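Reading the structure
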Amino acid sequence: MRTFRNPVLPGFYPDPSAIRVGEDYYLVTSSFEFYPGVPVFHSRDLVHWRQLGHVLDRPSQLNLDGILPSRGIWAPTLRYHQGLFYMITTFVDNHKESHNFYVTSADPAGEWSDPVWLEDAPGIDPSLFFDEDGKVYYTGNRVPPEGQDYPKHMDIWLQEIDLAQGRLTGPKHSLWQGALKTAHAQEGPHLYFIGGWYYLLTAEGGTGHTHAVTVARSRNVTGPYEGYRANPILTHRHLGREYPIVNTGHGELVETQHGEWWMLCLASRTCGGYYRNLGRETFLTPVKWEDEWPVVNPGKGVLELEGPAPDLPVTQWPLLPVRDDFTAGELSPVWNFLRTPRGEFWSLSEHPGHLRLRLKPEVLAETGNPAYIGRRQQHLSFKAAAEMRFQPEAAGESAGLALLQNADNHFRYERVAEDGGQLLKLTVRSRGAEQLLASAPYALDTVQLKVEARGQDYSFYYRAADSDTWTALHERADGRVLSTDWAGGFTGAYIGMYASAGGAQSSNVADFGWFSYEELE
């Protein structure tokens, strides 16, 4: 029996939405304040996924200027109808106001349209449903029209949408308010028509430890909907905080071309206690139908780290190289910016075979657009390294590696100029307070920097480019500062390259010859 390992998308890939088109599967996830927005993936077997790019990869599609951590793009839904792909999502601003829009493309790996913004579409987590009679419906969540009975009590609602005109039309219909009245934050609705029933799959309980997947059904798209007496169909809230997979919820149902049913959902792996550095990840689990209701992972009812694989031909894509030598004409899609990049502060062509970062005034401790290019931490234990050529020319100039949870919680491993000399410095910023963990003099033009994480022990090393020996700058720093449980928010840890002029203008640059990332056993 073939098996597969969960998560199928490790690292910060929450709120998965997936579809099948013929024998191909496509998937999108949330991206919050990171740019480009909404990574899009392709698979042939539901287990092995390759990133095609991003849906929102132009500033005209996504303006994240000044967006606070964990705001921005929430919970996209991907759908396909008559040759066109649709991605609908919520942009959450700094006032926590939600703005819902959709984009389209004939090719998920190609160019997507500019957003179509929807008026009078309250709430978050929009989804589209194409009914068999040709009508199209929008679903989302909202404050119940009759008012909230308790905090975060929400209503799942539906309205017809005119996609040609880009507007909602007709009356709004309240569909359901969840399976458990005290399980707040009813959200993430997805509608399906299966065997004569309209099934409404939702999330409830919030995206933390009490997260869950619930289901209701109706013979009519507008209801009334009856909840399944066995709800929730998936949750880990009853397993306690020592189970290795937590906050399970926000599911999407997919039927294979062979008639199997599977669910993709989010969950997190804990490390060093109830700490979730990687954020919410994408998991896969089987579904069976009994008495016209879905049963998740029959006989077990929970997500597992390993399970029987789908009955699909295995299609493994070439593995991403451990090391990026920056020889391509464009950045790999694994790389992200913090917010929409403004100004020409990076280049792959000015120094061929290098990623050049121009020092910007912005610093990581602000909610701006610093000269930072990072990728997700995807493993509980990993090592990452980079070679950097940089000479600080003034006080406040720095460049190096940064491990980021948000503006107030991160590590900066930098080269700086201080007291007439040049230093390597390791600084931790925890809930807005900074502490120097270690420093060492370093005078050569080029340095290689390395981070090794084994669980919550993060260790930092350096060496000259022609050396075979790493020197420890600081070992076993507490990595819990990178967890959402310490830092708050909804994202996962990033590691990447960083350069700053510390609030000043500068013409200086940092050149990165390569960057490597790999899992440690």
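Since this is a predicted model, take the numbers as computed values, not measurements.

Describing the overall build of the protein chain
Helix and strand content of the protein chain: one helix and 39 strands. A compact globule built from 521 residues should have a C-alpha radius of gyration of about 24 Å, and the protein chain, at 23 Å, falls within 12% of that. For the protein chain, the spread of C-alpha atoms along the three principal axes comes to 75 × 50 × 45 Å. A sequence separation of at least 24 residues applies to 60% of the contacts in the protein chain between residues at least 6 apart. Averaging the coordinates of the 45 positive side-chain charges in the protein chain and doing the same for the 64 negative ones gives two points 3 Å apart.

Concerning the layout of surface pockets
By volume, the largest pocket amounts to about 1,700 Å³. Lining the largest pocket are 48 residues; nearest its centre among them are P10, L319, L320, Q378 and H379. When contributions to the lining of the largest pocket are tallied by element, the ones reaching two or more residues are β1 (3–5), β6 (50–56), β25 (323–324), β29 (371–376) and β39 (509–519). With five residues, β39 is the single largest residue contributor to the lining of the largest pocket. In the lining of the largest pocket, the residues fall into 27 nonpolar, ten polar and eleven charged. By volume, the second largest pocket is sized at about 950 Å³. Forming the walls of the second largest pocket are 36 residues, and the residues nearest its centre are W74, I124, K152, E187 and F490. Taken together, the residues that form the lining of the second largest pocket break down as ten nonpolar, 17 polar and nine charged.

Re the sheet that holds strand β10 (residues 116–117)
Here we have four strands laid out as an open sheet, ordered β7-β8-β9-β10, and antiparallel in their pairing. Of all strands in the sheet, those with a lone pairing partner are β7 (72–81) and β10, marking the two edges.

Re the pattern of salt bridges
Pairs may arise between side chains of opposite charge once their charged atoms sit close together. In the structure shown here, the tally under the stated rule is 27 salt bridges. Here E281 ties to R269 by a salt bridge, and the two come within 2.7 Å at their closest N and O atoms. Pair noted here: E281 is in strand β22 (residues 281–290) and R269 is in strand β21 (residues 261–269), with a separation of twelve residues, a long-range link. In this pair, the class of E281 matches that of R269, namely buried.

Some words on empty space enclosed by the protein
Under the criterion given, the structure shown has two cavities of 30 Å³ or more. The computed volume of the largest cavity comes to approximately 70 Å³. In terms of lining residues, the largest cavity is bounded by F4, N6, L284, T285, P286, N297, V302, L303, E304, E306, G307 and P308. Its residues placed into classes, the lining of the largest cavity shows six nonpolar, four polar and two charged. Taken as a whole, the second largest cavity spans an internal volume of roughly 50 Å³.

With respect to the packing of aromatic side chains
Using the criterion set out here, one finds 30 aromatic pairs in the structure. Each ring, one from W261 and one from W289, has its centre 5.5 Å from the other, and the planes form 75 degrees; the classification is edge-to-face. With a gap of 28 residues between them, W261 in strand β21 and W289 in strand β22 connect regions that are remote in the sequence. By relative accessible area, which is 14% here, W261 ends up buried. Consider the rings of F337 and F345, whose centres lie 5.8 Å apart with planes at 90 degrees: the pair is edge-to-face. For the pair F337 and F345, a shared accessibility class is recorded, and that class is buried. Every member of this aromatic cluster is reached through a ring pair, and the members are F12, F32, F34, W74, F490 and Y494. The ring of Y274 carries the charged tip of R241 above its face, separated from the ring centre by 4.4 Å. The ring of Y461 has K450 lying over it, and the distance from NZ or CZ to the ring centre is 5.2 Å.

Overview of unusual backbone geometry
Cis geometry is found at the peptide bond from Y35 to P36, where omega equals -5 degrees. Take P36: it is sitting in the loop between β4 (34–35) and β5 (37–43). The omega torsion across N231 and P232 is -5 degrees, close enough to zero to call that bond cis. Locating P232 in the fold gives a position in the loop between β18 (226–227) and β19 (234–235). Phi at R476 takes a positive value of approximately 60 degrees, unusual for a residue other than glycine. With respect to the helices, strands and loops of the structure, R476 is situated in strand β37 (residues 471–478). When its relative accessible area of 58% is taken as the criterion, R476 is described as exposed.

A word on the pairing of strand β34 (residues 433–441)
Examined bridge by bridge, strand β33 (residues 421–430) and β34 share eight bridges and lie antiparallel to one another. Paired with K425 across the two strands is S439, which belongs to β34.

Section: the environment of H153
Following the sequence through the fold, H153 ends up in the loop between β12 (136–142) and β13 (155–162). In this structure H153 comes out as buried when scored by relative accessible area, which is 0%. Taking the C-alpha atoms as reference, H153 lies 36 Å from L364; in sequence the two are 211 residues apart. Ignoring any residue separated from it by four or fewer positions in sequence, one finds H153 in contact with P144, G147, Q148, Q177 and Q186. A distance of 2.7 Å separates a polar atom in the side chain of H153 from a polar atom in the side chain of Q177.

The rules we used
- Residues numbered from 1 in each chain as written.
- Predicted model: local features only at pLDDT ≥ 70, side-chain atom pairs only at ≥ 80, totals over all residues.
- Heavy atoms only, no water.
- Helix = DSSP H or I, 4+ residues; strand = E, 2+ residues; numbered from the N terminus.
- Rg over C-alpha atoms; globule rule 2.2 N^0.38 Å.
- Contact = heavy atoms within 4.5 Å.
- Lys, Arg positive; Asp, Glu negative; His and termini not counted.
- Charge placed at Lys NZ, Arg CZ, Asp CG, Glu CD.
- 1 Å grid on protein atoms, 1.4 Å probe; cavity = no way out; pocket = protein on both sides within 12 Å on 5 of 7 lines; lining within 4 Å.
- Points joined across faces, edges and corners; volume = space filled by probe spheres on them.
- Nonpolar A, V, L, I, M, F, W, Y, C, P; charged D, E, K, R; others polar.
- Pairing = 2+ DSSP bridges.
- Salt bridge = Lys/Arg side-chain N within 4 Å of Asp/Glu carboxyl O.
- Buried < 20%, exposed > 50% of the residue type's maximum accessible area, 1.4 Å probe, protein only.
- Phe/Tyr/Trp six-rings, centres within 6.5 Å; stacked < 30°, edge-to-face > 60°.
- Lys NZ or Arg CZ within 6 Å of the ring centre and 35° of its normal.
- Polar contact = N/O pair within 3.5 Å; in protein donor to acceptor, adjacent residues only side chain to side chain.

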